[in-house]
Amino acid sequence: GTTTTTNPTQWPPTFLAHGADDDFILPEWGQSTAERLGQQNVPVERFRVYPETHHEMARTELSDLMEFLDQSLNVEAATGAPANE
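My aim in this report is to walk through the structure given alongside it, one point at a time. (Residues numbered from 1 in each chain as written. Predicted model: local features only at pLDDT ≥ 70, side-chain atom pairs only at ≥ 80, totals over all residues. Heavy atoms only, no water.)

Bringing helix α1 (residues 27-39) into the picture now. In a regular helix each residue adds 1.5 Å, so 13 residues correspond to 18 Å; α1 covers 19 Å between its end C-alpha atoms and thus fits that length. Listing the buried residues of α1 in full gives P27, G30 and A34. Down the axis of α1, the sector holding all buried residues measures 55 degrees, keeping them to one side. For α1, the exposed residues set more than 90 degrees away from the buried face come down to E28, R36 and Q39. Buried-residue contacts for α1 involve β1 (14-19) and β2 (44-50). Count one or two residues on from α1 and you reach N41, which has phi positive near 65 degrees. (Helix = DSSP H or I, 4+ residues; strand = E, 2+ residues; numbered from the N terminus. Expected span 1.5 Å × (residues − 1). Buried < 20%, exposed > 50% of the residue type's maximum accessible area, 1.4 Å probe, protein only. Arc of directions from axis to C-beta. Contact = heavy atoms within 4.5 Å.)

Below, the structure written as structure tokens:
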């Protein structure tokens, strides 16, 4: 198949997270997704694996996500440009 490369200015910064003990969607799949998105120039700013977490959202993950959103949105609001530029 043909692979298309995406212009990175089209995508906002991306946060990906995964539970280390997820047996529904394996952590390796999350890592693979992060790598494939990066190959398509999607700005994966963070990929984190949370220990002792299954297919759920952990408190630390939610905290990290809120920090990521706060940082990303504040940079965009202040400069009018995505945080990764």
